[in-house]
Every structure is written in structure tokens, then in C-alpha cells.
Amino acid sequence: EALFYEVARPMVDVVAPACVHAAHDDEHGVVLMENLLTSGCTMSDPTRSWTVDQVADGLTQLASLHAGWWGEGLAPGIPELEGSNALGAVLMEAGYWESCIDGPTGVHVPVGLRDRVRVGPWVEELWRLDSVRPRCFSHGDAHLGNTYIDADGRPGFLDWGGVKAGHWAREVCYFLAGALSVDDRRTHEEELLQEYLDALAGHGADPLPAWDDAWLDYRRHLVHGLLWFLCPTQMQPVDIINANVERFAAAAVDHDVDRLFA
């Protein structure tokens, strides 16, 4: 997080807490930032979805972040970390997967997507593809629990400690489908994805994905969002986990994701 504020924050157009000072050594980082509550900000409640306009604003900000080092992956001076895939591999192990499916966070997982042996290879294929194709600089965990609304009513992003090189669609899908209500996502996801791509172009990202490729990548990455059901309840309350799972489960069914991996 200190590296983000030192290196990348001045060069991207995102709403984030004002940083007074950031510094690090090989083992530690320190960030002194504004108190958001006394600045008139409101912390997001992940059980309550955002409006379409708020999500559109957030996607425009992510486009600025992604375009800054489009194709390079990482801002200079920020190292490659093991990141969320390593944690995901642990959470997908036999035993833990089944305990979640049969527990309180598994209630919204669709019948056809409950089998680890079936779904696991899809996730691993996405990890493989995302590691070799052109990447961008990503927030790394852009869900509503890491957001707020500032005093001017604009959405902002928190918790920049997981920045990484990633595939744009993984972050866009995770944010968009996780932040909208099911009905709003069904109605607006295509236009919002196009607005994100237009914003990328406006920031000079090149080459841009063709629409058909972008639409496929967005829909395939819904599988990552569905894995919210594996989130340990020590990290997030059950109601927040289930709100996310319910949104991604509906999207996965709407888009028949198993067909996308055939």
C-alpha cells in the first residue's frame, strides 16, 4: 500500500484517501492518510448494491488505473507478488470446498456449479491465461467492502495493499457484477462494459480488446466472483459473503458459464 501511494497514486485518476505520507523499507510500510469519516465520507455496505451511475464512475476510475501501465502489468517500483491465486488454490482444496458448499455460504451456489472437480479446471485455465496475456496494473480486490462514497458523492477505492499485475476483465467483472443489483446488472452490464472500454481508449490504452473478446472474457471471469462462497467467515461476515455469492450466482446462470468453458 505504501508503494502504491508513493509510486502510482500521483499518476492515476482515482478517488482514494488523501495520503499525507507514505514510506517503506524491505519489511515494513507506513501510510498516514486522512480520516474518511471526519472528511464526510460514507463507508459502503456490501449488502446494499450501488446505483448504475456509481458503478459507471468506478469503472471509469479503474480504466484510468488499468491504462496507466497497459500491457506492462506493474507500475515501476512495485514488485510482483504471489497474490490472490495462491490463496485461491488453498481455498479450492478438497475438503474445504465441500465444507463451504454444505455450509451457510454455499446456499446460493447453483446446482451445476457446486462440483469442485468440474469448476476447478475452469478457474485454473483462467489463471493460466491471465498470467500470459497482456496484463494491466490492478487494484486486486475491488469489491464493495473496499469502497466508500466521498463527501462529493463520488465512489472511492480503499485497501491498496493488493495491487498487482492482472487481467482487466477479472477486475472489471469482480467490481461490476458484485456492485450492482441483479436486475441492474442484467439491464446495464453490456453498456457499462462498453463505457469502460471507451474510457480505456480515452486514456490511450493500446491495443484494445475487440468487443467479442471483451464480452467473452467478462462473462468467463464471473467464475472468480462465484468463489466468494469460499471466503472464510473470519474475513467477512456471512451476510456479506452471501450477498456477493447471490449476485455472481445469478450472473453465472444468466450467462450459462459452463458453456463458455466447453
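Structure shown above.
Definitions and limits used
- Residues numbered from 1 in each chain as written.
- Predicted model: local features only at pLDDT ≥ 70, side-chain atom pairs only at ≥ 80, totals over all residues.
- Heavy atoms only, no water.
- Helix = DSSP H or I, 4+ residues; strand = E, 2+ residues; numbered from the N terminus.
- Rg over C-alpha atoms; globule rule 2.2 N^0.38 Å.
- Buried < 20%, exposed > 50% of the residue type's maximum accessible area, 1.4 Å probe, protein only.
- Polar contact = N/O pair within 3.5 Å; in protein donor to acceptor, adjacent residues only side chain to side chain.
- Salt bridge = Lys/Arg side-chain N within 4 Å of Asp/Glu carboxyl O.
- Phe/Tyr/Trp six-rings, centres within 6.5 Å; stacked < 30°, edge-to-face > 60°.
- Core = buried A, V, L, I, M, F, W, Y, C linked by side-chain atoms within 4.5 Å.
- Contact = heavy atoms within 4.5 Å.
- Expected span 1.5 Å × (residues − 1).
- Pairing = 2+ DSSP bridges.
- Axes fitted to C-alpha atoms, helices over the stretch in contact; angles between N-to-C directions.

J.: I keep staring at the overall build of the chain and nothing clicks. Help me out?
T.: Along the backbone of the chain there are 11 helices and 7 strands. Scaling as 2.2 N^0.38, a compact globule of 262 residues should have a C-alpha radius of gyration of about 18 Å, and the chain matches this with 18 Å. Here the C-alpha coordinates of the chain stretch approximately 50 × 40 × 35 Å along the principal axes. A buried classification covers 52% of the 262 residues belonging to the chain.

J.: Sorry if this is basic, but what is going on with the environment of Thr187 here?
T.: When you line up the elements, Thr187 lands in helix α7 (residues 182–202). You can call Thr187 exposed: its relative accessible area is 54%. For the pair formed by Thr187 and His224, sequence separation is 37 residues and the distance between their alpha carbons is 21 Å. Reaching out from Thr187, the side chain makes a polar contact with the backbone oxygen of Asp183 at a distance of 3.0 Å.

J.: Help me out: how do you make sense of the pattern of salt bridges in this one?
T.: Between side chains of opposite charge, a pair can form as their charged atoms come close. Under the counting rule described, the total for this entry stands at 9 salt bridges. As a salt-bridge pair, Arg186 and Asp183 come within 3.8 Å of each other at their nearest N and O atoms. With Arg186 and Asp183 both in helix α7 and 3 residues apart, the pair spans about one turn of that helix. For Arg186, a relative accessible area of 45% gives the class partly exposed. Among the residues examined, Asp183 registers a relative accessible area of 54% and is labelled exposed. Linking Asp254 and Arg185 is a salt bridge whose minimum nitrogen-to-oxygen distance equals 2.7 Å. Here Asp254 is found in helix α10 (residues 238–254), whereas its partner Arg185 is found in helix α7, with 69 residues between them in sequence. In this structure Asp254 comes out as partly exposed when scored by relative accessible area, which is 35%. Look at the salt bridges and you will find they share partners, linking Asp183, Arg185, Arg186, Glu189 and Asp254 into a network.

J.: Sorry, what's going on with the packing of aromatic side chains here?
T.: Between two aromatic rings, the relevant description is the distance of the centres plus the angle of the planes. Inspection of the entire model under this criterion finds 13 aromatic pairs. Ring geometry for Trp97 against Phe229: centres 5.0 Å apart, planes inclined by 90°, an arrangement best described as edge-to-face. Separated by 132 residues along the polypeptide, Trp97 in helix α4 (residues 96–101) and Phe229 in the loop between α9 (222–226) and α10 bring together distant segments of the chain. Of the two residues, Trp97 and Phe229, neither departs from the other in class, the shared state being buried. Ring centres of Tyr174 and Phe248 lie 6.2 Å apart, and the angle between their planes is 25°; this geometry places the pair in the stacked category. Note that Tyr174 is positioned in helix α6 (residues 168–179) and Phe248 in helix α10, a separation of 74 residues in sequence. Assessed through its relative accessible area of 0%, Phe248 is described here as buried.

J.: Could you clarify how one ought to interpret the nonpolar core in this entry?
T.: Burial of nonpolar side chains together is a common tendency in soluble globular proteins. Val55, Phe137, Trp160, Trp168, Phe175, Tyr196 and Phe229 are the most contacted members of the largest nonpolar core, which totals 80 residues. What Phe229 contacts, discounting residues up to four positions off in sequence, is Trp97, Cys100, Ile101, Thr105, Val109, Ile241 and Val245. Judged by nonpolar contacts, the second largest core, of 5 residues, contains Val15, Cys41, Tyr148 and Leu158.

J.: Help me understand helix α5 (residues 116–132) in this model?
T.: An α-helix turns once every 3.6 residues. As a result, residues three or four positions apart point the same way. Over its 17 residues, α5 extends 24 Å from the first C-alpha to the last, a length consistent with the 24 Å expected when each residue adds 1.5 Å. By the burial criterion, the buried members of α5 are Val119, Gly120, Trp122, Val123, Leu126, Trp127, Leu129 and Asp130. N-capping of α5 is provided by Asp115, with a side-chain oxygen placed 3.0 Å from the backbone N of Val117.

J.: Sorry, what's going on with α7 here?
T.: Compared with the 30 Å implied by 1.5 Å per residue over 21 residues, the 29 Å span of α7 between its first and last C-alpha is a close match. Among the residues of α7, Arg185, His188, Glu189, Leu192, Leu193, Tyr196, Leu197, Ala199 and Leu200 are the ones counted as buried. In this structure, the buried side of α7 is in contact with α2 (52–68), α6, α8 (211–220) and α10. Directly beyond the C-terminal end of α7, a positive phi value near 85° is found at Gly204.

J.: Is there a simple way to think about the sheet that holds strand β5 (residues 147–149) in this case?
T.: Strand pairing in a sheet relies on backbone hydrogen bonds, with the paired strands running either antiparallel or parallel. Within the open sheet, the 3 strands sit side by side as β3-β5-β6. Their pairing is antiparallel. Looking at strand neighbours, the two that pair on one side only are β3 (42–43) and β6 (155–157), the edges of this open sheet. Alignment of β5 against β6, held across 3 bridges, turns out to be antiparallel. In the sheet register, Thr147 faces β6, and the bridge partner there is Phe157. Helix-sheet contacts for α2 involve β5 and β6, and the interaxial angle to β6 is about 40°.

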